[in-house]
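Examining the three-dimensional arrangement
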Amino acid sequence: MDETTIGRLVHRLAVATAILGGLALVFVTVLTLASVVGRALIPLGLSAILGDYEFVQIGVLFAIFCSLPLTQYMRGHADVSLLTDRFPTRVSAAIELVMDVLTFLAFSFVIWRYSLGMLDKFSNQEMTLLLHIPVWVIYALGLVGGVATVVVSAYCVVRSFANTFSRHPVKPEPSIF
C-alpha cells in the first residue's frame, strides 16, 4: 500500500467500495435463502419473496462493480507473470504502466457509455417488471463502483508512472490486503 496521503485515501475508497459490494452479496444470499425456504414451505402458508430475482440481479451487479476498485488497486487482475517475471525491473514497471493506462482508458470508456445508458433509462422511465424499480436507479448503483474504479485506475497510472521513472523502480507485484 502506498503510504502517501492520496494513496491511503484511494486505498480506503477501494476497501470501502469492496465492503459495500460484500454487504450486497450477504443481502442477496440471505434473501435467496429466505425465498427458497418460502418456496419450500408453500404448504405451510409461506411463499417466495416477490421480486427476489430482481434483487439478486441488482445486488450482483452492484457487487461486481464494487469489487473492481480494490482489484485494480491491489494489482489483482490477471497477468502473464510467467513471462514478465523474467524481465528486468524497469521493463516490468513499464509494462505495468502501460497496462494501468489501458485499464484506465477502458474503465473510463465503459463508465462513460454506462452513464449514457443510465440517462437513456432515466429519460424513457423504464421500470423493472415485478418491483417497478426505475432501471436508471439500478444503473446509478453500478456507477458507485464504476466511478470508484475510474478514480482508483487514475491513481494507479500515477503510481506506476512514478515507479517506472524513479531512480530505483520496484518490480510491480500483486499486493495482499
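Look above for the structure.
For every chain, the first residue of the written sequence is number 1, and numbering continues from 1 onward in sequence order. Only residues with pLDDT of at least 70 get local features here, since the model is predicted, and only at 80 or more are side-chain atom pairs given and counted; chain-wide, interface and lining totals rely on the full set of residues. To obtain the side-chain values, all non-hydrogen atoms of the structure were used and water was disregarded.

This brings us to the overall build of the chain. Each helix is a run of H or I in the DSSP string that is no shorter than four residues. Each strand is a run of E no shorter than two, and both are numbered from the N terminus. Of the regular secondary structure elements, the chain holds five helices and zero strands. Beginning at the N terminus, the succession of helices and strands in the chain can be written as α-α-α-α-α. At 20 Å, the chain has a C-alpha radius of gyration far larger than the 16 Å of a compact globule built from 177 residues. Dimensions of the chain, computed from C-alpha atoms along their principal axes, come out at roughly 70 × 35 × 30 Å. The reference for a compact globule is 2.2 Å times residues^0.38; the radius of gyration itself is calculated from the C-alpha atoms.

Moving on to a nonpolar patch on the surface. What makes a patch is a set of residues exposed beyond 30% relative accessible area and free of salt bridges, joined within 9 Å when like-charged and within 5 Å when nonpolar (Val, Leu, Ile, Met, Phe, Trp, Tyr). Each accessible area value is a Shrake-Rupley result obtained with a 1.4 Å probe; residue values ignore everything except the protein chains displayed when judging cover. In what follows, salt bridge is the name for a side-chain nitrogen of Lys or Arg lying within 4 Å of a carboxyl oxygen of Asp or Glu. A cluster of nonpolar residues, Val 91, Ile 95, Val 98, Met 99, Val 101, Leu 102 and Leu 105, forms a patch on the protein surface that exposes about 550 Å² of accessible area. Within the secondary structure, Val 101 sits in helix H4 (residues 89–124).

With that out of the way, let us pick up the environment of Ser 35. Here Ser 35 shows up in helix H1 (residues 5–40). In this structure the C-alpha to C-alpha distance between Ser 35 and Leu 46, which are 11 residues apart in sequence, comes to 9.3 Å. In contact with Ser 35, not counting residues within four places along its chain, are Ala 48, Ile 49 and Asp 52. At 3.2 Å, the side chain of Ser 35 and the backbone nitrogen of Ile 49 are in polar contact. The contact criterion used is simple: two residues touch if any of their non-hydrogen atoms lie within 4.5 Å. Here a polar contact means two N or O atoms within 3.5 Å. Within protein one must be a hydrogen donor candidate and the other an acceptor candidate, and residues neighboring in sequence count only if both atoms are side-chain atoms.

Turning our attention to H4. Spanning 36 residues, H4 covers 52 Å between terminal C-alpha atoms, matching the ideal 52 Å at 1.5 Å per step. For each residue, the accessible area found with a 1.4 Å probe, counting protein chains only, is set against the maximum for its type, and the residue is called buried under 20%, exposed over 50%, and partly exposed in between. Those residues of H4 that sit buried are Ser 92, Ala 93, Glu 96, Leu 97, Asp 100, Thr 103, Phe 107, Ile 111, Tyr 114, Gly 117, Met 118 and Lys 121. The secondary structure elements touched by the buried residues of H4 are helix H2 (52–73), helix H3 (81–84) and helix H5 (135–164). Looking one or two residues beyond H4, the residue adopting positive phi is Gln 125, at roughly 55°. A helix's residues, less one, multiplied by 1.5 Å, set its expected span.

This part is about the nonpolar core. Within soluble globular proteins, side chains that are nonpolar tend to cluster in buried spots. Put simply, a nonpolar core is a bunch of buried Ala, Val, Leu, Ile, Met, Phe, Trp, Tyr and Cys residues held in one set by side-chain atoms that sit within 4.5 Å of each other. Among the nonpolar cores identified, the biggest contains nine residues, and these are Val 10, Ala 14, Val 15, Leu 70, Tyr 73, Met 74, Val 152, Tyr 155 and Cys 156. When contributions to this core are tallied by element, the ones reaching two or more residues are H1, H2 and H5. Leaving out residues up to four positions away in the same chain, Cys 156 has contacts with Gln 72, Tyr 73 and Asp 100. Judged by nonpolar contacts, the second largest core, of seven residues, contains Phe 107, Met 118, Leu 143 and Val 150.

Take the layout of surface pockets next. Of the volumes computed, that of the largest pocket is approximately 460 Å³. Of all the secondary-structure elements, those providing two or more residues to the lining of the largest pocket are H3 and H4. Per-element accounting of the lining of the largest pocket gives the leading share, six residues, to H4. Throughout, the ten residues Ala, Val, Leu, Ile, Met, Phe, Trp, Tyr, Cys and Pro are labelled nonpolar, Asp, Glu, Lys and Arg are labelled charged, and all others, Gly among them, are labelled polar. Looking at the lining of the largest pocket, its residues break down into six nonpolar, seven polar and seven charged. The method works on a 1 Å grid over the protein atoms by themselves. A cavity is a set of points holding a 1.4 Å probe that cannot get out, a pocket is an open set with protein on both sides within 12 Å along at least five of seven lines, and residues with an atom within 4 Å of a point line them. Grid points are joined across faces, edges and corners, and a volume is the space filled by probe spheres set on the points.

In total, this model carries three salt bridges according to the counting rule given. Between Arg 75 and Glu 96 there is a salt bridge; the shortest N-O distance is 3.2 Å. Taken together, the residues span a long stretch of sequence, with Arg 75 in the loop between H2 and H3 and Glu 96 in helix H4 at a distance of 21 residues. Each member of the pair, Arg 75 together with Glu 96, is buried.

This next bit is on the side chain of Thr 103. Inspection of the secondary structure assignment puts Thr 103 in helix H4. Leaving out residues up to four positions away in the same chain, Thr 103 has contacts with Gln 72 and Ser 153.

So, about unusual backbone geometry. Of note in the backbone geometry, Arg 75 takes a positive phi value of approximately 60° without being a glycine. Positive phi is not limited to glycine here, since Gln 125 has a value of about 55°.

Between H1 and H2, the least distance of the axes is 8 Å, while the angle of their chain directions is 155°. Here H2 runs roughly antiparallel to H1, going by the angle between their axes. Here H1 and H2 pass one another in a crossing that is left-handed. Residues belonging to the contact of H1 with H2 are distributed by class as follows: 20 nonpolar, seven polar and two charged. Orientation is described by axes fitted as lines to C-alpha atoms, over the contacting stretch for helices, and by angles from 0 to 180 degrees between their N-to-C directions. Angle categories are assigned with fixed cut-offs, so that under 35 degrees is roughly parallel, over 145 is roughly antiparallel, 65 to 115 is roughly perpendicular, and the rest are oblique. Working rule for handedness: look at the near helix, and if it is turned counterclockwise from the far one by less than a right angle, call the crossing left-handed; if clockwise, right-handed.

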